[in-house]
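Summary of the model geometry
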Amino acid sequence: MSTITTKDGTLIYYKDWGKGPVVTFSHGWPLSSDAWDGQMLFLAQKGFRVVAHDRRGHGRSSQAWSGNDMDGYADDLAAVIEALDLKDATLVGHSTGGGEVARYIGRHGTKRVAKAVLVAAVPPIMLKTAANPEGLPMEVFDKLRDGITRDRSQFYKDLARPFYGANRSGAEVSQGTLDQFWLWSMQAGLKNAYESIKAFSETDFTGDLKKFDVPTLVMHGEDDQIVPVKDSARKSARLIKGAKDIYYPGAPHGLTATHQDQVNADLLAFLRS
């Protein structure tokens, strides 16, 4: 397998396809880089070099005991970028991966970055606080923690439906799409998935977003039941100077699968702009 070893000894798996301008992909919780295959194959066939890694504790990366927070995730992304000596890269992040991209720019700057894309991403902050009264209450995230510790297999099967909007009237989501969500989720270590909930829900990315100084695209489904659009993309687009934003009517959190052709076309147009 293609892996790098981080400073704390964690093995990070990555895939590196194609040749051309570089695009990196950071996946959502609790999935793996395979969740990006529909975008990666498309862009590699269009003349781009596409790189995606499995977050520590997820997919084929090792299940590290520590570092399961946004600083650790951002530093792992930096380690992959530096090990492969990637330059002028466009960083793309979905959901938790969008937080990873934001924290990478906040911690490591944009010397290796040409553009950024946040897809159904968690920034600025998901949790309801005094400063973010529109956020989701802690009980929502406590239920996630309870669900994965009691019966994570069934929990992930149940979560797949709202993730892809399969619980909406008239939705056409294949059983295969739901099954692959379960498969990818079951590859994540329990401790890693558990600690990642705190990372994606409680991290405040406001300061990171204000450090963006590259062209940025914000993409989000208007019917996202996992990361509500009003408290995420619409706020992030205002915090990032000059950001372009695209909203997809009726699209769910997993829009990279349910609206793959549309997302791919918009990604390609932004990369070529």
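Bear in mind that the values here come from a model prediction, so they are computed numbers and not experimental data.

Cut-off values and rules
The numbers attached to residues start from 1 for each chain and follow its sequence in the written order. At least 70 in pLDDT is required for a residue's local features to be given in this predicted model, at least 80 for side-chain atom pairs to be given and counted, and no such filter applies to totals for whole chains, interfaces and linings, which use all residues. Processing note: side-chain calculations cover all non-hydrogen atoms of the structure and skip hydrogens and water entirely. Strands are labelled as partners when DSSP assigns at least two bridges between them. Under the DSSP-based scheme used, a helix requires at least four consecutive residues in state H or I and a strand at least two consecutive residues in state E, with every element numbered from the N terminus. Note on definitions: angles span 0 to 180 degrees between N-to-C directions of axes, and those axes are lines fitted to C-alpha atoms, for helices only across the stretch in contact. The criterion for an aromatic pair is that two Phe, Tyr or Trp rings (for Trp, the six-membered ring) have centres within 6.5 Å, with stacked assigned to planes under 30 degrees apart, edge-to-face to planes over 60 apart and tilted to the rest. Only protein chains enter the calculation, and the probe is 1.4 Å; a residue is then buried if its accessible area is under 20% of its type maximum, exposed if over 50%, and partly exposed in between. Put simply, angles under 35 degrees are roughly parallel, angles over 145 are roughly antiparallel, angles from 65 to 115 are roughly perpendicular, and the rest are oblique. Definitions for this section: a left-handed crossing has its near helix turned counterclockwise from the far helix by less than a right angle. A right-handed crossing has that turn clockwise. Working rule for contacts: check all heavy atoms of both residues, and any pair within 4.5 Å makes them a contact. Side-chain classes follow a simple rule in which Ala, Val, Leu, Ile, Met, Phe, Trp, Tyr, Cys and Pro form the nonpolar group, Asp, Glu, Lys and Arg form the charged group, and the remainder, Gly included, forms the polar group. Each salt bridge in this description consists of a side-chain nitrogen of Lys or Arg and a carboxyl oxygen of Asp or Glu lying within 4 Å of one another. Think of a nonpolar core as a cluster: buried Ala, Val, Leu, Ile, Met, Phe, Trp, Tyr and Cys residues, connected wherever their side-chain atoms sit within 4.5 Å.

1. Considerations on the sheet that holds strand 3 (residues 22–26)
Taken together, eight strands build an open sheet; the order of strands is 1-2-4-3-5-6-7-8 and the sheet is mixed. Looking along the sheet, the strands with just one partner apiece sit at the ends: strand 1 (3–5) and strand 8 (244–248). Shown here is a sheet whose adjacent strand axes are inclined to one another by a mean of 20 degrees, direction ignored. Pairing analysis gives four bridges linking strand 3 to strand 4 (residues 49–53), with the strands arranged parallel.

2. Side note on the packing of aromatic side chains
Tallying each qualifying case throughout the model produces eight aromatic pairs. Ring centres 6.3 Å apart and planes at 75 degrees place the aromatic pair Phe141 and Phe200 in the edge-to-face group. In this pair, Phe141 is assigned in helix 4 (residues 138–163) and Phe200 in helix 6 (residues 190–202), connecting sequence segments 59 residues apart. The same class applies to Phe141 as to Phe200, namely buried.

3. With respect to the packing of helix 4 against helix 5 (residues 175–186)
For the pair helix 4 and helix 5, the least separation of the axes is 9 Å and the interaxial angle reads 135 degrees. Our classification of the angle between helix 4 and helix 5 gives oblique. Like other packed secondary-structure pairs, helix 4 and helix 5 cross with a definite hand, here right-handed. On the side of helix 4, the interface is formed by Arg152, Ser153, Tyr156, Lys157, Leu159, Ala160, Arg161 and Phe163, while helix 5 contributes Leu178, Phe181, Trp182, Ser185 and Met186. A class-by-class count of the residues in the contact of helix 4 with helix 5 yields eight nonpolar, two polar and three charged.

4. So, the pattern of salt bridges
Evaluation of the coordinates by the stated rule reveals 22 salt bridges. In this structure, the salt-bridge partner of Asp223 is Arg168, at a minimum N-O distance of 2.8 Å. Note that Asp223 is positioned in the loop between strand 7 (216–221) and helix 8 (233–239) and Arg168 in the loop between helix 4 and helix 5, a separation of 55 residues in sequence. The class for Asp223 is partly exposed, based on a relative accessible area of 22%. Taken together, the shared-partner salt bridges in this structure form one network comprising Lys15, Asp34, Asp37, Asp54 and Arg60.

5. Things to note about the nonpolar core
Core analysis: the largest hydrophobic core is formed by 60 residues, its most contacted members being Trp29, Tyr104, Phe181 and Phe200. Ranked by the residues each element gives to this core, the list is headed by helix 4, at eight residues. In this view, Tyr104 contacts Ala74, Leu77, Ala78, Ile81, Leu91, Gly109, Arg112 and Val113; residues no more than four positions away in its chain are not counted. With 23 residues, the next largest nonpolar core counts Ala52, Met219, Val263 and Phe270 among its residues.

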